[in-house]
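Structural features, examined
Single-letter residue listing:
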Amino acid sequence: MIGFDSKLAGGVTLEAFRKFLYSADLDSSSVRIARYGKGLDVEEYCVPRRLTDDTDMAVDSELAWSFFERGYSIVMGQAHERWMAVSKLCDELQLDRRQLGRVGVYVSPAGTPGWLTHYDSEDFLAIQTDGTKKWDLYTWPTDVPQRSLPKFYTLAEDQQEKARNTVRKSATVSLTSGHHLYLPAGTVHGVCTVDQPSVHVTFRFRIPKNNPRNGE
Ligand SMILES: [Fe+2]
C-alpha cells in the first residue's frame, strides 16, 4: 500500500457524489444498491423515463439516496465514463484506459457492508477518496488452484456461508482518503466503513489474452 497526493482524490467525495447523483441522468444499469450482499431490484430505485415505456428506466436520485440514508451502499459502474471527477482521477493516476476493465465508485454508509466477503476474478486497484474503510483480507487454508475454488456469490446461500468459513483472516487494513490498495485476482476480502460514510473507487484491469493467468 502506498499513499499518494490526496489532492488527486479530492473531487470524489460523498458530497460531490450526492450532487452528481441529483444532477445526472443515470440509466438503471449504471447503479446498484445493496446491503449485506443483497441487491435491490432496479424497480425499487428507478422510474420509467416515459409513461408509455417501462423498459427505459432512470435512477430516481431521491429514492436512491434515501436507501443510502437507510444503510445501503451505492455503486456506480463505468464511473470514469459517467462522472468527470472519476475521469480526472483516472487521468491523474495516468492509468491506461485501454487496459482498464470495470471502474466503480463505492459510496458506503457507516456500519453496514454493501457486500459480504468474496473475491473477484480480476486484479483491481482501490483508491480511497473520502472517509475511511476497513479491508479484511483472507487466505485459503490449503494450496488449491484458484480456479477450482467457489465464487461465493454464485453459490446457494448456505454454501456461501460454508465457503466463507473455510478462509482465514490474514490482515486488516484501514484505508483513509489518499491511500490505495492493489489486490490480485482471487484475494478474498470483506470491506466495511466504520464510523463515517466513505467513498472509494476501484479500477479493474484486463488480463491480456496471452497471459498464462488466462489459461483454462
Ligand atoms: Fe470485491
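What counts, and where the lines are drawn
- Residues numbered from 1 in each chain as written.
- Predicted model: local features only at pLDDT ≥ 70, side-chain atom pairs only at ≥ 80, totals over all residues.
- Pairing = 2+ DSSP bridges.
- Helix = DSSP H or I, 4+ residues; strand = E, 2+ residues; numbered from the N terminus.
- Contact = placed C-beta atoms within 7 Å.
- Axes fitted to C-alpha atoms, helices over the stretch in contact; angles between N-to-C directions.
- pLDDT = per-residue confidence, 0-100.
- Core = buried A, V, L, I, M, F, W, Y, C linked by C-beta atoms within 7 Å.
- Buried ≥ 20, exposed ≤ 12 C-beta atoms within 10 Å, placed from the backbone.
- Parallel < 35°, antiparallel > 145°, perpendicular 65-115°, else oblique.
- Nonpolar A, V, L, I, M, F, W, Y, C, P; charged D, E, K, R; others polar.

Okay, the sheet that holds strand β7 (residues 124–130) next. On the basis of which strands lie adjacent, the open sheet formed by 7 strands has the order β2-β1-β5-β6-β12-β7-β10 and antiparallel pairing. In this open sheet, the two edge strands, each paired with only one partner strand, are β2 (38–39) and β10 (180–183). One ladder, built from 4 bridges, connects β7 with β10; its direction is antiparallel. Within β10, the residue paired with Phe124 across the bridge is Leu183. Set on the sheet, helix α2 (residues 61–69) makes contact with β1 (31–35), β5 (73–76) and β6 (100–108); between it and β1 the angle comes to about 25°.

Here we take up the sheet that holds strand β11 (residues 188–193). Spatial strand order, β9-β8-β11: 3 strands in an open sheet with antiparallel pairing. Unpaired on one side and paired on the other, β9 (168–176) and β11 mark the two borders of the sheet. Each strand of the sheet is rotated relative to its neighbour by a mean of 20°, with strand direction disregarded. Pairing analysis gives 6 bridges linking strand β8 (residues 132–139) to β11, with the strands arranged antiparallel. Considered in β11, the bridge of Lys133 is made with Thr193.

Considering the arrangement of structural elements, one finds Asp96 in the loop between α4 (84–92) and β6. Between the C-alpha atoms of Asp96 and Phe205, which are 109 residues apart in sequence, the distance is 9.5 Å.

Okay, the pairing of β6 next. One ladder, built from 3 bridges, connects β5 with β6; its direction is antiparallel. Its bridge partner being in β6, Ile74 is matched across the sheet by Val107. As judged from the 7 bridges shared by β6 and strand β12 (residues 198–205), these two strands associate in the antiparallel manner. From the neighbouring strand, Tyr106 faces β12, where its bridge partner is His200.

Across 4 bridges, the pairing between strand β3 (residues 46–50) and strand β4 (residues 53–59) is antiparallel. When the sheet's bridge partners are listed, Arg50 is paired in β4 with Asp53. Hairpin connection between β3 and β4: a loop of 2 residues separates the two successive antiparallel strands.

Further remarks concern the confidence of the model for the protein chain. When the pLDDT values of the protein chain are averaged, the result is 86; 84% of them are 70 or greater. Looking at the elements of the protein chain, mean pLDDT is at its lowest for helix α5 (residues 157–165), recorded as 75, and at its highest for α2, recorded as 98.

Another aspect to go through is the nonpolar core. Side chains that are nonpolar tend, in soluble globular proteins, to be buried together. Membership of the largest hydrophobic core comes to 34 residues, with the highest contact counts inside it found for Ala64, Ile74, Val86, Val105 and Val201. Going through the elements one at a time, α1 (14–23), β1, α2, β5, α4, β6, β7 and β12 are the ones with two or more residues in this core. The contacts of Val86, once residues within four sequence positions are left out, are Val12, Ala79, His80, Val103, Val105 and Val201.

Our focus in this paragraph is the packing of α1 against α2. Direction vectors running N to C along α1 and α2 enclose 150°, while the axes themselves pass 9 Å from each other. It follows from the interaxial angle that α1 and α2 lie roughly antiparallel. Every residue of α2 that contacts α1 at Arg18, Leu21 and Tyr22 is listed here: Ser61, Ala64 and Trp65. A per-class count over the contact of α1 with α2 returns 4 nonpolar, 1 polar and 1 charged.

Our next topic: unusual backbone geometry. One non-glycine residue, Tyr36, adopts positive backbone phi at about 50°. Structurally, the position occupied by Tyr36 is in the loop between β1 and β2. C-beta crowding within 10 Å serves as the criterion here: with 12 such atoms nearby, Tyr36 is assigned to the exposed category. A positive phi angle, close to 45°, is found at Gln78, a residue other than glycine. Relative to the helices and strands, Gln78 is located in the loop between β5 and α3 (79–82). On the basis of neighbour counts, which here come to 15 C-beta atoms within 10 Å, the residue Gln78 falls in the partly exposed class.

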